[in-house]
Amino acid sequence: GAVVSQHPSWVICKSGTSVKIECRSLDFQATTMFWYRQFPKQSLMLMATSNEGSKATYEQGVEKDKFLINHASLTLSTLTVTSAHPEDSSFYICSAITRTGGLQPQHFGDGTRLSIL
Amino acid sequence: AQSVTQPDIHITVSEGASLELRCNYSYGATPYLFWYVQSPGQGLQLLLKYFSGDTLVQGIKGFEAEFKRSQSSFNLRKPSVHWSDAAEYFCAIMIKAAGNKLTFGGGTRVLVKP
């Protein structure tokens, strides 16, 4: 149980385009989802917390106009990298928990490798 | 603010040997503690967690971890490693008051020699 699916797993696109990454909880309802960014050989850095039906909460230093997050349902959150540039190339990982405030671990997707040419 | 330190960036161990990965945290109270494993190019898989109770926690894949409050540590152990255990391991803490956010350590890369 507690499976989180990310799509796509790998995307290559030209500089200036926008890219959407989907994060789905397949067998549970996720009231909260998290988006992380991971550079090579580094740890995960939290970008934002996404709660169903409300605006995402961004970590300090993360541009909310560049990284648009939508959590329209209890099983889907999307991250859109707008006007992507090479410096946005990274590994993006989402996670989900079943209910806010409960003692639940985060369950992670398999990540999306984004390469901007 | 809370923080997590994994002192060892790389560890190389022979197949069949024991493994211990260190994790120290900084937080004013007892946090919720996790160990995750990440294979190359993939997401994170939860190995085990500590919320309360018995300080020795059993996880998947033969891993266990021990919470030591006096040392602010949560070290991960495995008695006999397999080649498939080669991966990146992350220790993390969760502060409930912070909206269940995870704070990760820098990770330890485990290499397994045949």
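About the criteria used
- Residues numbered from 1 in each chain as written.
- Chains lettered and ligands numbered in written order.
- Predicted model: local features only at pLDDT ≥ 70, side-chain atom pairs only at ≥ 80, totals over all residues.
- Heavy atoms only, no water.
- Helix = DSSP H or I, 4+ residues; strand = E, 2+ residues; numbered from the N terminus.
- Rg over C-alpha atoms; globule rule 2.2 N^0.38 Å.
- Buried < 20%, exposed > 50% of the residue type's maximum accessible area, 1.4 Å probe, protein only.
- Contact = heavy atoms within 4.5 Å.
- Lys, Arg positive; Asp, Glu negative; His and termini not counted.
- Charge placed at Lys NZ, Arg CZ, Asp CG, Glu CD.
- Buried area = accessible area lost by both parts, 1.4 Å probe.
- Salt bridge = Lys/Arg side-chain N within 4 Å of Asp/Glu carboxyl O.
- Polar contact = N/O pair within 3.5 Å; in protein donor to acceptor, adjacent residues only side chain to side chain.
- Pairing = 2+ DSSP bridges.

Colleague: Mind showing me how you'd approach the overall build of chain B here?
Modeller: Across its full length, chain B carries 0 helices and 12 strands. Reading chain B from its N terminus to its C terminus gives the helix and strand order β-β-β-β-β-β-β-β-β-β-β-β. At 14 Å, chain B has a C-alpha radius of gyration in line with the 13 Å of a compact globule built from 114 residues. In terms of overall dimensions, chain B has C-alpha extents of about 45 × 30 × 20 Å along its principal axes. Counting the 114 residues in chain B, one finds 47% classified as buried.

Colleague: Would you explain the overall build of chain A in this entry?
Modeller: Each helix and strand in chain A was counted, giving 0 helices and 11 strands. In sequence order, the secondary structure elements of chain A are arranged as β-β-β-β-β-β-β-β-β-β-β. Taken over the C-alpha trace, chain A has a radius of gyration of 13 Å; the compact-globule value for 117 residues is 13 Å, and the two agree within 12%. By principal-axis analysis of the C-alpha atoms, chain A measures approximately 40 × 25 × 25 Å. The buried share of chain A, taken over its 117 residues, is 49%. Taking the contacts inside chain A whose residues are at least 6 apart along the sequence as the reference set, 55% of them involve residues at least 24 apart. With 10 positive and 9 negative side-chain charges, chain A shows a separation of 3 Å between the mean positions of the two kinds.

Colleague: Just to check I follow, could you spell out the interface of chain A and chain B for this structure?
Modeller: The extent of an interface is frequently quoted as the accessible surface area lost upon association of the parts. Tallying the contact residues gives 25 residues for chain A and 21 residues for chain B. Buried area between chain A and chain B, summed over both chains or domains, comes out near 1,700 Å², and the portion from carbon and sulfur atoms is 60%. On the surface where chain A and chain B come into contact, there are 1 salt bridge. Measuring nitrogen to oxygen at the nearest pair gives 2.7 Å for the salt bridge that ties A:Glu59 to B:Lys101. For the pair chain A and chain B, the number of links is 6 residue pairs in polar contact (both at pLDDT 80 or more).

Colleague: Is there a simple way to explain the environment of B:Gly43 in this structure?
Modeller: Within the element layout of this structure, B:Gly43 appears in the loop between strand 5 (32-38) and strand 6 (44-50). With relative accessibility at 9%, the residue B:Gly43 sits in the buried group. On a C-alpha basis, the gap between B:Gly43 and B:Trp83 in space is 19 Å, while along the polypeptide they are 40 residues apart. In this view, B:Gly43 contacts A:Gly109, A:Asp110, A:Gly111, B:Val37 and B:Gln38; residues no more than four positions away in its chain are not counted.

Colleague: Whenever I open this one, the pattern of salt bridges confuses me. Can you help?
Modeller: Tallied over the full model, the rule gives 8 salt bridges over all chains. The salt bridge involving A:Glu22 is made with A:Arg24; its shortest N-O contact spans 3.4 Å. Owing to a relative accessible area of 34%, A:Arg24 belongs among the partly exposed residues under this scheme. B:Glu64 serves as the salt-bridge partner of B:Arg77, at 3.3 Å between the closest nitrogen and oxygen. Placement of B:Arg77 in strand 9 (residues 73-78) and of B:Glu64 in strand 8 (residues 64-68) is noted, with a sequence separation of 13 residues between them. The exposure class of B:Arg77 is partly exposed, given its relative accessible area of 23%.

Colleague: Please explain the pairing of strand 9 of chain B as it appears in this structure.
Modeller: When a strand is regular, its side chains alternate between the sheet's two faces. Residue and element names in this part refer to chain B. Summarising burial for strand 9: 5 of the 6 residues are buried, a large majority. Across 3 bridges, the pairing between strand 3 (residues 19-21) and strand 9 is antiparallel. For leucine 21, the partnering residue across the bridge sits in strand 9 and is leucine 76. By the bridge criterion, 5 bridges tie strand 8 to strand 9 in an arrangement that is antiparallel. Counted as the bridge partner of phenylalanine 67 is phenylalanine 74 from strand 9.

Colleague: Honestly, the environment of A:Lys14 in this entry has me stumped. Any pointers?
Modeller: Residue and element names in this part refer to chain A. With respect to the element layout, lysine 14 can be found in the loop between strand 2 (10-13) and strand 3 (19-25). Looking at lysine 14, the relative accessible area reads 64%, which means it is exposed. Each C-alpha atom of the pair lysine 14 and serine 83 lies 9.4 Å from the other, and the pair is 69 residues apart in sequence. Setting aside anything within four residues of it in sequence, one finds lysine 14 in contact with Ala84, Ile116 and Leu117.

The analysis is restricted to geometry; functional conclusions fall outside its scope.
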